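# Results of the structural survey
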Amino acid sequence: MDSETVLANLKEPVVAVGRDCEVAFANERFLAVTQLSREELLGTAFVHLESHVEEGFESLEEAVAAVRRGETDEERVAVTMYHSEEAPVPERLPVEVRVTPVVEDATVTGALLVLRDVSQREEKERVLRRSQRRFEAVLETPDSFIGILEPDGTLVTANSTALDLVDVVPADVAGEPFPETPWWNHDEDLQARLRTWIDRAAAGEFVRFEAVHGSADGEALPVEGVVRPVSGEGGEVVSLIVEAHDVSERRESQRELQRQNERLERFAEVLSHDLRNPLNVAQGRLSLARETRDSDDLEAVARSLDRMGVLIDGILTLARAGDTAVEPAAVDLATVATESWETVAAVDLATVATESWETVATVDARLRVETDRTVRADRDRLGRLFENLFRNSVEHGHESTTVTVGDCADGFFVADDGHGIPESDRDQVFDAGYSTATEGTGLGLSIVETIANAHGWTVTATTSGDDGARFEIRGVDVAEPERDE
């Protein structure tokens with residue numbers, strides 16, 4: 001079998017350039033690609049093929065000339081060719097042309113060009129480049145310390161945020177055992193724990209950790225992070241990713257919150273004892289005085305003392321509402337709402353079930369419950385939240401106010417058909433002391449917001465469909481009802 005027969009049967013397009021730079025040979029695949037007949041092509045100048053090349057023909061000419069002069073045994077040139085064949089072949093193809101010499105009697109007599117479609121290779125390279133860019137973008141997250149490890153704990157690379165923390169460059173730490181790098185070598189116990197975390201992650205476990213790093217300026221930096229395994233196609237762990245975040249601000253916030261809670265607790269103790277005791281004495285003396293005589297002055301004193309008691313109760317509730325010891329459990333929203341309404345009403349209530357909601361009648365107002373949702377909440381505090389919202393609706397409503405409790409997207413709402421809240425006032429109704437009622441303490445809605453915040457919820461004031469007030473509590477964890485074993 002001669003070489004020309006072999007070339008003619010190659011699947012890649014092949015063309016040969018002769019001694020005078022004319023086309024001396026072309027296989028059937030090349031003719032199909034260019035849609036030329038053999039008679040049209042053979043004997044024509046190689047330069048005529050430029051019309052079939054969109055980009056790169058000049059480089060191809062230079063490569064052919066260098067090979068024909070005997071300057072090189074091989075050249076590879078990337079070109080883009082017009083492709084005349086019908087779909088699904090695209091009209092333009094990226095092609096790699098391999099140019100090699102044709103030798104006869106130890107003399108270079110021409111050049112052989114073998115064309116290879118590299119579109120799939122280029123697509124893979126594009127995908128790889130995109131993946132690399134995404135990887136680099138994730139790696140260089142400015143608020144995370146990230147390292148890539150071999151499964152044995154050898155550091156492959158670390159992001160600039162981590163490198164800057166200990167003032168090193170990649171060459172200082174790449175290839176080193178991770179526990180021996182400057183992030184960890186200040187504490188032997190921490191190094192030992194890190195080795196354990198690496199072993200667990202290399203076995204396929206997702207490991208969470210806490211640590212304290214020493215920064216380049218000597219500051220201790222508390223971090224929380226994870227060591228997570230990366231699996232290959234066969235399920236084996238091929239690398240480990242270590243990612244950590246600076247939690248110093250969060251921990252300082254927690255310490256400050258604890259200090260605030262301690263101050264609030266001391267304040268609550270003052271309210272409970274140092275203020276309430278003399279108030280009780282004053283009320284007792286007033287009661288004795290009213291046994292012997294009655295007057296408008298004594299009535300005014302009684303109202304003032306009663307108001308002082310209400311204020312103390314409200315401030316005490318507000319001080320204790322933000323206690324961090326929230327113990328959420330699955331509670332039935334309708335049950336807590338109904339019990340809270342009964343507490344506010346302080347009268348015997350008649351409950352009438354009607355289809356999917358309940359109406360609780362009172363002297364001046366009624367409650368309508370339109371929820372069967374179970375939520376995770378501190379039952380006592382949720383009750384106080386409802387009580388303060390109900391009091392707000394009754395105090396600012398009319399004689400036949402209806403208050404509705406229902407579901408919203410990720411929580412619940414309390415709405416009434418009263419006079420509503422002006423839009424200009426909705427941002428300040430939760431401020432302590434804000435009230436539009438002459439007898440109001442201005443603490444009820446502040447207590448509502450404090451209880452919501454303690455649960456991690458948000459509360460907003462808006463308008464109801466009846467032009468009344470509507471308070472939406474969102475971010476609530478909806479739960480399955482707890483069942484007795």
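Residues numbered from 1 in each chain as written. Predicted model: local features only at pLDDT ≥ 70, side-chain atom pairs only at ≥ 80, totals over all residues. Heavy atoms only, no water.

Take the overall build of the chain next. Helices and strands together make up the secondary structure of the chain, namely 13 helices and 20 strands. A total of 485 residues make up the chain; the buried ones form 38% of that total. Within the structure as shown, the chain displays about 27600 Å² of accessible surface, and the carbon and sulfur contribution to it stands at 47%. (Helix = DSSP H or I, 4+ residues; strand = E, 2+ residues; numbered from the N terminus. Buried < 20%, exposed > 50% of the residue type's maximum accessible area, 1.4 Å probe, protein only. Areas by Shrake-Rupley, 256 points an atom, 1.4 Å probe, with all protein chains shown as cover.)

Applying the stated rule across the entire model yields 18 salt bridges. A salt bridge links Glu96 to Arg76; the shortest N-O distance between them is 3.1 Å. Residue Glu96 is found in strand β5 (residues 92-104), and its partner Arg76 is found in strand β4 (residues 75-82); the two are separated by 20 residues along the sequence. Judged by its relative accessible area of 46%, Arg76 is partly exposed. The partner of Asp189 in a salt bridge is Arg193, with the nearest N and O atoms 3.3 Å apart. Of this pair, Asp189 and Arg193 both sit in helix α8 (residues 188-202), separated by 4 residues, roughly a single helical turn. Judged by its relative accessible area of 34%, Arg193 is partly exposed. (Salt bridge = Lys/Arg side-chain N within 4 Å of Asp/Glu carboxyl O.)

Before going further, it helps to examine the sheet that holds β4. A sheet is described by the order of its strands in space; here 6 strands give the open sequence β2-β1-β6-β5-β4-β3, paired in antiparallel fashion. Of all strands in the sheet, those bounded by a partner on one side alone are β2 (23-26) and β3 (53-55). Going across the sheet, the axis of each strand differs from the next one's by a mean of 35°, ignoring polarity. Here strand β1 (residues 14-17) pairs with strand β6 (residues 107-117) via 4 bridges, running antiparallel. Bridging across to β6, Val15 finds its partner in Leu113. Seen against the sheet, helix α4 (residues 57-68) touches β1, β3, β4, β5 and β6 and runs at an angle of roughly 145° to β6. (Pairing = 2+ DSSP bridges. Axes fitted to C-alpha atoms, helices over the stretch in contact; angles between N-to-C directions. Contact = heavy atoms within 4.5 Å.)

Looking now at the environment of Glu91. Structurally, Glu91 can be placed in the loop between β4 and β5. Expressed as a C-alpha distance, the spacing of Glu91 and Met81, which sit 10 residues apart in the sequence, is 8.3 Å. Each residue touching Glu91, except ones within four places of it in the same chain, is listed here: Met81, Tyr82 and His83.

If a strand is regular, its side chains alternate between the two faces of the sheet. Of the two faces of strand β15 (residues 365-370), only the one carrying Ala365, Leu367 and Val369 is buried; Arg366, Arg368 and Glu370 on the other face are not. In this structure, β15 lies alongside strand β17 (residues 401-408), joined through 6 bridges in parallel fashion. Directly across from Arg366, in β17, lies its bridge partner Thr402.

Before going further, it helps to spend a moment on the packing of aromatic side chains. If you walk through the whole model with that rule in mind, you get 10 aromatic pairs. Centre to centre, the rings of Phe178 and Trp184 are 5.6 Å apart; their planes meet at 65°, and the pair counts as edge-to-face. Here Phe178 and Trp184 have matching classes, each one buried. Among the aromatic residues, ring-to-ring pairing joins Phe178, Trp183, Trp184, Trp197 and Phe209 into one connected group. Lying over the aromatic face of Phe413, Arg470 brings its terminal NZ or CZ to 3.9 Å of the ring centre. (Phe/Tyr/Trp six-rings, centres within 6.5 Å; stacked < 30°, edge-to-face > 60°. Lys NZ or Arg CZ within 6 Å of the ring centre and 35° of its normal.)

By the element assignment, Gln428 lies in the loop between β18 (411-416) and α13 (444-455). Look at Gln428 and you get partly exposed, because its relative accessible area is 31%. Each C-alpha atom of the pair Gln428 and Ala461 lies 9.7 Å from the other, and the pair is 33 residues apart in sequence.

What follows deals with the nonpolar core. The biggest cluster of nonpolar side chains holds 35 residues, and the ones touching the most others in it are Leu382, Phe386, Phe390, Phe412 and Trp457. Excluding anything up to four places from it in sequence, Phe390 contacts Ala337, Ser340, Trp341, Val344, Leu367, Val403, Val405 and Val414. Within the second largest apolar cluster, 28 residues are counted, among which are Leu163, Val207, Phe209 and Ala211. (Core = buried A, V, L, I, M, F, W, Y, C linked by side-chain atoms within 4.5 Å.)

Let's shift gears to the confidence of the model for the chain. Low-pLDDT stretches of the model should not have their predicted coordinates read in fine detail. For the chain, the mean per-residue pLDDT works out to 80, and 80% of the residues sit at or above 70. For the chain, strand β13 (residues 350-354) is the element with the lowest average pLDDT, namely 31, and α8 is the one with the highest, namely 95. Every residue in residues 347-363 scores below 50 in pLDDT, and together they form 32 contacts with partners more than four places removed in sequence or on other chains. Across residues 437-441, where pLDDT falls below 50, the model places 8 contacts with residues more than four positions away in sequence or in other chains. (pLDDT = per-residue confidence, 0-100.)

Our next topic: the side chain of Ser340. Mapping Ser340 onto the fold places it in helix α11 (residues 333-345). For Ser340, a relative accessible area of 2% corresponds to the buried category. Separated by 3.2 Å, the side chain of Ser340 and the backbone oxygen of Gly383 make a polar contact. Beyond its immediate stretch of four places on either side in the chain, Ser340 contacts Gly383, Phe386, Glu387 and Phe390. (Polar contact = N/O pair within 3.5 Å; in protein donor to acceptor, adjacent residues only side chain to side chain.)

Attention now moves to the sheet that holds strand β10 (residues 220-231). Taking strand neighbours across the sheet as the criterion, the 5 strands line up as β8-β7-β11-β10-β9 in an open arrangement whose pairing is antiparallel. Both outer strands of the open sheet, β8 (155-158) and β9 (207-214), are each paired with one neighbouring strand and no more. Ignoring strand direction, the axes of neighbouring strands in this sheet form an average angle of 25°. Where strand β7 (residues 145-149) and strand β11 (residues 237-246) come together, 5 bridges link them in antiparallel fashion. The residue bridging Gly147 from the neighbouring strand is Val242, located in β11. Packing of α8 onto the sheet brings it into contact with β7, β9, β10 and β11, and relative to β9 it is tilted by some 150°.

Now for α4. Two residues of an α-helix separated by three or four positions point the same way, owing to the 3.6 residues in each turn. Spanning 12 residues, α4 covers 16 Å between terminal C-alpha atoms, matching the ideal 16 Å at 1.5 Å per step. Inspection of α4 places Phe57, Leu60, Ala63, Val64, Ala66 and Val67 among the buried residues, and these make up the whole buried set. Buried residues in α4 make contact with β3, β4, β5 and β6. Backbone geometry just downstream of α4 places Gly70 in the positive-phi region, at approximately 80°. (Expected span 1.5 Å × (residues − 1).)

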